[in-house]
Amino acid sequence: MSQSFDTRKLNANETVNSAPAFRQALLRHLQYTVGKSPQKASIFDWRMALSHTVRDYAVDPWFDATRRTWDEDRKRVYYLSMEFLIGRLLEDQAINLGLRDVIVRVLSEFGLSFADIAEGEPDAALGNGGLGRLAACYLDSMSTVGCPAYGYGLRYEHGLFRQHFEHGRQIETPENWLATDNPWDFNRPEAAYNVGFGGGLAEQDGTSIWTPGSKVIASAHDTPVVGYAGQWANTLRLWAAMPSADLFDLNRFNAGDFAAASEPEALARSLSRVLYPNDTTEGGKELRLSQEYFLTSASVQDILRRYLAGHENLLKLPEFVAIQMNDTHPAIAGPELIRLLVDEHKMDFDTSVSTVTDVLGYTNHTLLPEALERWSVGLMRKVLPRHLQIIETLDTQFIELQGAKENPVRLINNDQVSMGDLAFTTSHKINGVSALHTELVSQDLFPVHNELHPGRIVNITNGITPRRWLKLANPALASLITDTIGAGWETDLERLRELEPYANDSAFREAFGRSKAAAKEHFIQWLAKEHGIQLPAEALFDAQVKRLHEYKRQLLNILWTIAHYQRIKRDPQAGWVPRVKILGGKAAPSYHMAKLIIQLINDVAEVVNNDPETQHLLRVVYPPNYGVSMAEKLIPAADLSEQISTAGMEASGTGNMKFALNGALTIGTLDGANVEIREQVGAENFFLFGLSTEQVAQRRAQEGHARTALEASQTLRDVLQAIAEGTFSPDDHHRYDGLLDAMWNSDWFLVASDFEDYDRAQTEVAECYADAERWQRMAILNVARMGYFSSDRSIRQYMNQIWDVESAL
Ligand code: 26V
């Protein structure tokens, strides 16, 4: 089968002649793996056979890369993350292996459509939002640029919850991606580790002996991750929790107490049962901490086992191993490694600390105080007593390092372990994810650490993979680009700059317009089929899709939408630009205000969409269950990208990059990576509004700023009044009392303060859109200047500035 292929010779466009062999391999899998004939096979059967066939093609480069890394004794990168928001894999892997055209051709012989088959694959939604999707983009880039790497995560049985609406309210149901077979991963029952919890400590010859009270087995599942053009492949290793055999109480079972006999077993399995759906607060404390330790301990044991298979001297660990902690979630890696080096390998404490620090790097992804992890000392002592002891020693050493300071920074404050401070002290490099964010990390979050260790904090601005977010998601634009500047931009995104001169070429602008129209049509069809919603293609598609958070200010968007609606009502003939407001995203199940904002959006949609006077000029749609696969359809269709967070609060954003790369213009604040996107595309091609980070701080300090801003905006007062009168909630006039009260009396997120300027920018957007030629010019220049935001660039920076690892290619 695939052995007859050298996938490395497969260029993305060079798939000639491989159809017969692919067909044969596909039919073999259909018959021998799935057990069906082409005549009887369902679309599910075809997808399974096809996925297994594609996976076969991934195995050769995967073996080659693994073998070369061993033979050449290369340094490896280990990316530890509680989240990998992968989405679907079939088309992605097919593109990277240069198989997409062959697949389309072979399937058509059987009257099948690749798109229809691919659409049946469930999303691997093993993440909440930006942090998890970033990890998935980085996997793709590490393989593409030839960085020897492993992703380590948890194989959650249930990924992020499914969302639907009842009377406009968000309802969560469990997601079940593993309900049907996952054809992508290899089960590795032989790669299993014990992870201990609880228990107690004893002293022996001056060292601590930890005897855990219980153990859970971590069992590995490996997915090959092939880079673009199949030159290199890495491994995503996800751990599943398994009870150790002795947990099942056979005597109890035989005595008829079935439930109790299985209880310890169920408890063990719960470690990889669900992804925490909360991306702001700690929640579910003990289980969450146990999950974090479970991931970290299994991964670190695996890393040391692999290192020791080729080396003896643990002092050289940093020469061969780089571990990156994706936020603080795996920050127990520091104490865990120290524990293993000291307790098991008898290294002295200080040497182990410096060795571990040289190995570890920590990426910070948020400044929100409620999202900075803290674990109570009591909980730590209960779950990880030995680690707490190590953290206490690190804390003492950190205080000493600060000299005779009066109020030293501590790793443990008010009986809480601060995982950010811990991660900092055990890492040789700490990075923020955009220039502005890194500045704030240095000044506001870690000023003392920064002074003690100048140069430890570096910036690595986030990036996105152009394979998934342009080539896969937007085939019309991708082929226009290839037809215009040739292939190769997929791995050298700066080459998009060659498109710049075409902004002045009317034939190109028309072709560009047609590619946008095709993407819109594709989204329109999907929305009609999936949700029964019809949209007008000629309207401006104005999109805000991301997790629901007050700081992201979906509220600002919907309040402006109401203002816009009121104006259209007052003067329907005023020549309005037709607009479709598209919103999407999930709220944490316990985040009441975020859920209320979802309900408001749906309530407004109900009124606006059913108003015959305005229907053709304004629509509001909120398709439920936003995720990676919806993003792939929606982002290419958008004209306008809403990136409107309160300045200083969005660490980077990566949706902002996906939209701009697909030719949407941004309306946005000076926040996160918006700042750098604006620098790259040019201020004249970006709709800027709002207070800056410094102004936000000043405004917040002004007493009664909410009321002051509201008194200055008749428009916004009219909007709030309409809500208060029950215009959008005729069945319950008090539904939004809490929200309105917050607007008048606190407005922490400065919706009122930024409203008028947002309104001004939205008016500019409409004027500009009405001038189709101008808009298209701006959109083309956005695409042409997005090269910097390839995740390949980000990964190369991690390799040079943090990991000190070389490409194997
Ligand atoms: C925190 C927690 C706390 C415990 C429960 C589960 C959970 C899950 C996630 C988080 C941290 C959220 C931080 C985060 O997602 N940050 C986002 O990271 C993106 C990638 O760097 C960045 O683009 C976004 O601006 C930033 O909000």
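Residues numbered from 1 in each chain as written. Predicted model: local features only at pLDDT ≥ 70, side-chain atom pairs only at ≥ 80, totals over all residues. Heavy atoms only, no water.

A. Representation of the site of the ligand in the model. If you check the shell around the ligand, you find 20 residues, and the closest are Asn278, His365, Asn462, Glu650 and Gly653. At 2.9 Å from an oxygen atom of the ligand is found a side-chain nitrogen or oxygen belonging to asparagine 462. In this structure, an oxygen atom belonging to the ligand sits 3.4 Å away from a main-chain N or O atom of alanine 651. Protein contacts shield 95% of the accessible area of the ligand, which totals 600 Å² for the unbound molecule. Here the shell around the ligand gets three residues from one element, more than from any other, and that element is helix α6 (residues 130-144). Here the residues of the shell around the ligand are counted per class, giving five nonpolar, 10 polar and five charged. (Near = heavy atom within 4 Å. Polar contact = N/O pair within 3.5 Å; in protein donor to acceptor, adjacent residues only side chain to side chain. Areas by Shrake-Rupley, 256 points an atom, 1.4 Å probe, with all protein chains shown as cover. Helix = DSSP H or I, 4+ residues; strand = E, 2+ residues; numbered from the N terminus. Nonpolar A, V, L, I, M, F, W, Y, C, P; charged D, E, K, R; others polar.)

B. Representation of the sheet that holds strand β24 (residues 687-688). The six strands are arranged β21-β20-β19-β22-β23-β24 in an open sheet whose pairing can be described as parallel. Looking at the sheet topology across the chains shown, the edges are occupied by β21 (618-621) and β24. Alignment of strand β20 (residues 579-584) against β21, held across four bridges, turns out to be parallel. The residue bridging valine 580 from the neighbouring strand is arginine 619, located in β21. (Pairing = 2+ DSSP bridges.)

C. Quick look at the packing of aromatic side chains. Tallied over the entire structure, the rule returns 26 aromatic pairs. Centre to centre, the rings of tyrosine 193 and tryptophan 239 are 5.7 Å apart; their planes meet at 80°, and the pair counts as edge-to-face. Taken together, the positions of tyrosine 193 in strand β7 (residues 186-197) and tryptophan 239 in strand β11 (residues 233-243) put the pair 46 residues apart, joining distant regions of the chain. Each member of the pair tyrosine 193 and tryptophan 239 is classed as buried. Their ring planes at 50° and their centres at 6.3 Å tell us that tyrosine 307 and phenylalanine 320 sit as a pair that is tilted. Note that tyrosine 307 is positioned in helix α9 (residues 285-310) and phenylalanine 320 in helix α10 (residues 317-320), a separation of 13 residues in sequence. On the basis of relative accessibility, which here comes to 3%, the residue tyrosine 307 falls in the buried class. (Phe/Tyr/Trp six-rings, centres within 6.5 Å; stacked < 30°, edge-to-face > 60°. Buried < 20%, exposed > 50% of the residue type's maximum accessible area, 1.4 Å probe, protein only.)

D. Examining the pairing of strand β12 (residues 321-326) more closely. The buried count for β12 comes to six of six residues, which makes it a mostly enclosed element. Residue alternation in β12 divides its side chains into two sets, Val321, Ile323 and Met325 and Ala322, Gln324 and Asn326, and both sets are buried. Of the pairings in the sheet, the one linking strand β1 (residues 76-80) to β12 comprises five bridges and is parallel in character. Residue pairing in the sheet places tyrosine 78 in a bridge with isoleucine 323 of β12. Across four bridges, the pairing between β12 and strand β13 (residues 360-363) is parallel. Residue pairing across strands places methionine 325 opposite tyrosine 362, the latter belonging to β13.

E. Up close: empty space enclosed by the protein. Considering all chains together, one arrives at five cavities of 30 Å³ or more under this definition. One number sums up the size of the largest cavity: a volume of about 340 Å³. Taken together, 28 residues form the lining of the largest cavity, with Ile86, Gly87, Leu89, Ala124 and Thr223 sitting closest to its centre. For the lining of the largest cavity, the elements supplying multiple residues, two or more each, are β2 (84-87), α3 (90-96), β3 (124-126), α6, β10 (214-226) and β11. In the lining of the largest cavity, the residues fall into 15 nonpolar, five polar and eight charged. Estimates place the volume of the second largest cavity at around 90 Å³. Forming the walls of the second largest cavity are 13 residues, and the residues nearest its centre are Ala65, Thr66, Thr69, Tyr150 and Asn234. Secondary-structure elements contributing two or more residues to the lining of the second largest cavity are α2 (43-71), β4 (149-154) and β11. Residue composition of the lining of the second largest cavity, grouped by class: eight nonpolar, four polar and one charged. (1 Å grid on protein atoms, 1.4 Å probe; cavity = no way out; pocket = protein on both sides within 12 Å on 5 of 7 lines; lining within 4 Å. Points joined across faces, edges and corners; volume = space filled by probe spheres on them.)

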